[in-house]
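Examination of the molecular architecture
Spelled out, the chains give:
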Amino acid sequence: SAARGRYLQRFITGTPFGVSYIGAGGTACFLGLAEQFSSPAVDGSAPYRYGGSITTPIGADDRRLLEEFGARLADEFALRGLFGIDLIRDVAGRWYLLEVNPRPTASMDLWESSAASSLIAWHVAACRSGDLPSPTPATPGAPLRGRKVIYSGALRGCVPQELTELLLRGPDDCGQRTVADVPAAGTLVEPDRPL
């Protein structure tokens, strides 16, 4: 039994994922599925701390299941705008819901480049007028997009070798940088232009 003010949670072995949606009018549009990575704190205080995400291809059956689940959540809880859920998928392929995040989530920027408009514009339209977009589904073989969070306390004055190698690699075959930092607050960024 747990002490007052605490709760117990069953540990499920599997792969963590985040699903992004935009909801309005009792339904939701599925934006995408991303595998999540942990970046445990060195002192052990946060073993499941968010460390980043990478977009994940999804089969038709799983996509249909997650689309229906997002629509049910949006209807049941009157969710409007961007929201996400965290899941674990066990080795048998079963999905377990961990939490519902009724807000934009950390991995949503992974879907920004494939959107016909900005996700924030979609969010505002869904919240103000209940308008939902028609997102373009990811095509098979589309490039994966990812993000890695590096906590400054973990750097201890140096940049990890893996990040250094990515930064030095330079442009990809299309002439775009494969890694970029998030721009500083107040920086003007032109739409659809890599940093």
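Residues numbered from 1 in each chain as written. Predicted model: local features only at pLDDT ≥ 70, side-chain atom pairs only at ≥ 80, totals over all residues. Heavy atoms only, no water.

Turning our attention to the nonpolar core. Among the nonpolar cores identified, the biggest contains 14 residues, and Val19, Tyr21, Leu33 and Leu66 are the most heavily contacted of them. Taken together, the elements giving at least two residues each to this core come down to strand E1 (15-24), strand E2 (27-38), helix H1 (60-77) and strand E4 (81-89). Those residues in contact with Tyr21, other than ones at most four positions away along the chain, are Ala28, Cys29, Phe30, Leu31, Leu66, Gly70, Gly81, Leu82, Phe83, Ile85 and Met108. Listed in part, the twelve residues of the second largest apolar core include Cys29, Met108, Leu110 and Trp122. (Core = buried A, V, L, I, M, F, W, Y, C linked by side-chain atoms within 4.5 Å. Buried < 20%, exposed > 50% of the residue type's maximum accessible area, 1.4 Å probe, protein only. Helix = DSSP H or I, 4+ residues; strand = E, 2+ residues; numbered from the N terminus. Contact = heavy atoms within 4.5 Å.)

Let's shift gears to the pattern of salt bridges. Following the criterion strictly, the structure yields five salt bridges and no others. A salt bridge links Asp61 to Arg64; the shortest N-O distance between them is 2.7 Å. Note that Asp61 and Arg64 are positioned in helix H1 at a spacing of three residues, about one turn of the helix. Asp61 gets classed as exposed once you look at its relative accessible area, which sits at 58%. The partly exposed category is assigned to Arg64, whose relative accessible area is 42%. In this structure, the salt-bridge partner of Asp62 is Arg89, at a minimum N-O distance of 2.8 Å. Within this pair, whereas Asp62 is found in helix H1, its partner Arg89 is found in strand E4, the two being separated by 27 residues in sequence. (Salt bridge = Lys/Arg side-chain N within 4 Å of Asp/Glu carboxyl O.)

Turning our attention to the side chain of Thr55. Among the secondary structure elements, Thr55 is positioned in strand E3 (residues 50-55). Looking at Thr55, the relative accessible area reads 9%, which means it is buried. Those residues in contact with Thr55, other than ones at most four positions away along the chain, are Leu33, Ala34, Leu110, Trp111, Pro143, Leu144 and Arg145.

Turning our attention to the packing of aromatic side chains. Enumeration according to the criterion identifies four aromatic pairs in this entry. Geometrically, the ring pair formed by Phe17 and Trp95 is edge-to-face, given 5.4 Å between the ring centres and 65 degrees between the ring planes. Of the two residues, Phe17 is situated in strand E1 and Trp95 in strand E5 (residues 95-101); the sequence distance between them amounts to 78 residues. Here Phe17 matches Trp95 in class, with each residue buried. Aromatic pair Tyr21 and Phe83: ring centres 5.1 Å apart, planes at 20 degrees, arrangement stacked. Of the two residues, Tyr21 is situated in strand E1 and Phe83 in strand E4; the sequence distance between them amounts to 62 residues. Connected via pairs of aromatic rings, a cluster forms that spans Tyr21, Phe30 and Phe83. (Phe/Tyr/Trp six-rings, centres within 6.5 Å; stacked < 30°, edge-to-face > 60°.)

With that settled, consider the sheet that holds E2. The sheet built from six strands is open, its strands ordered E5-E4-E1-E2-E3-E6 with antiparallel pairing. Every other strand in the sheet has two partners, leaving E5 and strand E6 (146-148) as the edge strands with one partner each. Within the sheet, the average angular offset between the axes of one strand and its neighbour, ignoring direction, is 30 degrees. Judged from the eight bridges that link them, E1 and E2 form a sheet pairing that is antiparallel. Bridge pairing links Phe17 to Glu35 in E2. Most of the contacts of H1 go to E2, to which it runs at about 115 degrees, and overall it touches E1, E2, E4 and E5. (Pairing = 2+ DSSP bridges. Axes fitted to C-alpha atoms, helices over the stretch in contact; angles between N-to-C directions.)

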